[in-house]
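# Coordinates in review
Here is what each chain is made of, one letter per residue.
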Amino acid sequence: MFFLKLSLLTVLIAAPGLVTSTENVITCDGNVQRLSCDIGLISVQSAVYGRTDRSVCSAGRPPSQIQNTDCIVNIPLIFERCDGQIACEFKTDTIGSPDPCVGTYKYYNTTYNCIQARISMTCEGSFSTLDCGNDVIQIISANYGRTDRAICSNGQPSSLNENTDCHAPDTLTSVVAQCNERRSCILEASNAIFTDPCVGTYKYLAVSYFCRPAQTSVTCEGSTAVLTCGVGVLKIHSANYGRTDSTTCSAGRPLRQITKTDCFATTSLSEVAKRCNDRGNCTVPATNDVFTDPCVGTYKYLSIVYSCVVNDGFLSLFQLSNESDTNR
Ligand SMILES: *[C@@H]1O[C@H](CO)[C@@H](O)[C@H](O)[C@H]1NC(C)=O
Ligand SMILES: *[C@@H]1O[C@H](CO)[C@@H](O)[C@H](O)[C@H]1NC(C)=O
């Protein structure tokens, strides 16, 4: 289960510019590690414990404690605690890490991005709407439970908000399924949806997300639409073969061929989805042969709104940074 969670958390992004900075923190064992973002929210990229370097955290240590530099273990808890937060901190010896090399003095090495994002907080028993307008939702983190005393506490007895270590295990998976790649979604903060992770505590649903532009492709009748993804696979949001305005694909056309602007082929989405969904690229001829003719005598075009996604809705930040590197 942790693996699923991590692959979902290793998340994100198609549009560069959402990453505001990349940070690295190394903390010698026994101290406090703090991650924070001046602008944006934390998205942990790697969090490891051990020793892979001889000189870091070596002051005053005998050689026997620093010579092993082949010692490393992943710490998923840091993703869980810090993703989607503005800041988070923990005393390293309180997080119960396994010891990957007894006798070696170790350190925590965490790399994270700060990304532009929005936060939605919904108190138990409420609904809220995430809305990206014409863009599509990408979830960064989600927790149903309680990690803060003050949020959703007004007028409640303090016994209901004392527990600040409450996490419903599958919140992220559930919120991703409900919201990712949609323009808007409605979330309900309730035990019925997420089960009750801490009976007797008043809970809330905390979600961080950002809005990612969907892409649009327009192809005049007789030509062929070519969609390609640099990274990931295509996901088709909507499609229409027909005409909904009088300017698109109008050059050189007589008026009578472009005045009808309520023309829709009913098979548009299914035909395009069939050819394109879950592929790295696809071609779709904008022709009556494919869609049948929804308005005889009108010159038509195929418009498609799509995005490129990885792992059921995610593009990874690693891939993003590789992409922007090669673009430079
Ligand atoms: C910390 O982790 C990063 C990313 O994996 C790595 O490049 C770097 O060498 C590590 N630093 C130390 C001192 O172990
Ligand atoms: C299209 O995808 C196929 C495999 O699905 C791949 O072999 C081909 O190189 C891709 N073409 C382009 C132009 O990306």
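Whatever comes next refers back to the structure up there.
This structure is a prediction, so every number in the text was calculated from the model and none was measured.

Reading the values: rules and limits
Residues numbered from 1 in each chain as written. Chains lettered and ligands numbered in written order. Predicted model: local features only at pLDDT ≥ 70, side-chain atom pairs only at ≥ 80, totals over all residues. Heavy atoms only, no water. Pairing = 2+ DSSP bridges. Helix = DSSP H or I, 4+ residues; strand = E, 2+ residues; numbered from the N terminus. Contact = heavy atoms within 4.5 Å. Axes fitted to C-alpha atoms, helices over the stretch in contact; angles between N-to-C directions. Near = heavy atom within 4 Å. Polar contact = N/O pair within 3.5 Å; in protein donor to acceptor, adjacent residues only side chain to side chain. Areas by Shrake-Rupley, 256 points an atom, 1.4 Å probe, with all protein chains shown as cover. Nonpolar A, V, L, I, M, F, W, Y, C, P; charged D, E, K, R; others polar. Salt bridge = Lys/Arg side-chain N within 4 Å of Asp/Glu carboxyl O. Buried < 20%, exposed > 50% of the residue type's maximum accessible area, 1.4 Å probe, protein only. Phe/Tyr/Trp six-rings, centres within 6.5 Å; stacked < 30°, edge-to-face > 60°. Disulfide = S-S within 2.5 Å.

Here we come to the sheet that holds strand E7 (residues 118–123). Spatial strand order, E7-E12-E9-E10: 4 strands in an open sheet with antiparallel pairing. Edge positions in the sheet fall to E7 and strand E10 (166–167), since each of these pairs with one other strand and no more. Of the pairings in the sheet, the one linking strand E9 (residues 136–146) to E10 comprises 2 bridges and is antiparallel in character. Bridged to Gly-145 within E10 is His-167. Along the sheet face, helix H4 (residues 171–179) touches E9 and strand E12 (204–212) and points at about 145° away from the line of E9.

Next up on the list: the site of ligand 1. Close contacts around ligand 1 come from Ile-26, Thr-52, Asp-53, Val-56, Tyr-107, Asn-109 and Thr-111, and that covers them all. Thr-52 is positioned with one of its side-chain polar atoms (N or O) 3.0 Å from an oxygen atom of ligand 1. Interatomic distance of 2.3 Å between a side-chain N/O atom of Asn-109 and an oxygen atom of ligand 1. Protein contacts shield 52% of the accessible area of ligand 1, which totals 360 Å² for the unbound molecule. No other element matches the 3 residues that strand E6 (residues 107–115) contributes to the shell around ligand 1. A class-by-class count of the residues in the shell around ligand 1 yields 3 nonpolar, 3 polar and 1 charged.

Across all of its chains, the model carries 10 salt bridges by this definition. Note that Glu-89 is salt-bridged to Arg-34, the shortest N-O span being 2.9 Å. A residue pair is termed long-range when its members are at least 10 positions apart, and Glu-89 in strand E5 (residues 87–91) and Arg-34 in strand E2 (residues 32–36) qualify at 55 residues. Relative accessible area serves as the criterion here: at 45%, Arg-34 is assigned to the partly exposed category. The salt bridge partner of Glu-271 is Lys-274, with a shortest N-O separation of 3.3 Å. Residue Glu-271 and its partner Lys-274 are located together in helix H6 (residues 268–276), separated by 3 residues, close to a single helical turn.

With that settled, the discussion passes to the packing of aromatic side chains. Enumeration according to the criterion identifies 4 aromatic pairs in this entry. Both rings, one in Tyr-241 and one in Phe-291, keep their centres 4.9 Å apart while their planes meet at 20°; by these two values the pair is stacked. Here the residue Tyr-241 occupies a position in strand E15 (residues 233–243), and Phe-291 occupies one in helix H7 (residues 288–291), the gap between them amounting to 50 residues. Classification of Tyr-241 by relative accessible area gives buried; the value is 0%.

To continue, consider the sheet that holds strand E18 (residues 301–309). Sheet architecture is open: 4 strands sit in the order E13-E18-E15-E16, paired in antiparallel fashion. Each having just a single partner strand, strand E13 (215–220) and strand E16 (263–264) make up the two edges of the open sheet. Here E15 pairs with E18 via 9 bridges, running antiparallel. Within E18, the residue paired with Ala-239 across the bridge is Ile-304. Helix-sheet contacts for H6 involve E15 and E18, and the interaxial angle to E15 is about 145°.

Quick look at the state of the cysteines now. For the structure on display, the rule yields 12 disulfides. Here Cys-71 engages in a disulfide with Cys-101; their sulfurs sit 2.0 Å apart. Judged by the sign of its S-S torsion, about -80°, the cystine formed by Cys-71 and Cys-101 is left-handed. In this pair, Cys-71 sits in strand E4 (residues 71–74) while Cys-101 sits in the loop between E5 and E6, placing the two residues 30 residues apart along the sequence. Residue Cys-101 is classed as buried on the basis of its relative accessible area, which comes to 7%.

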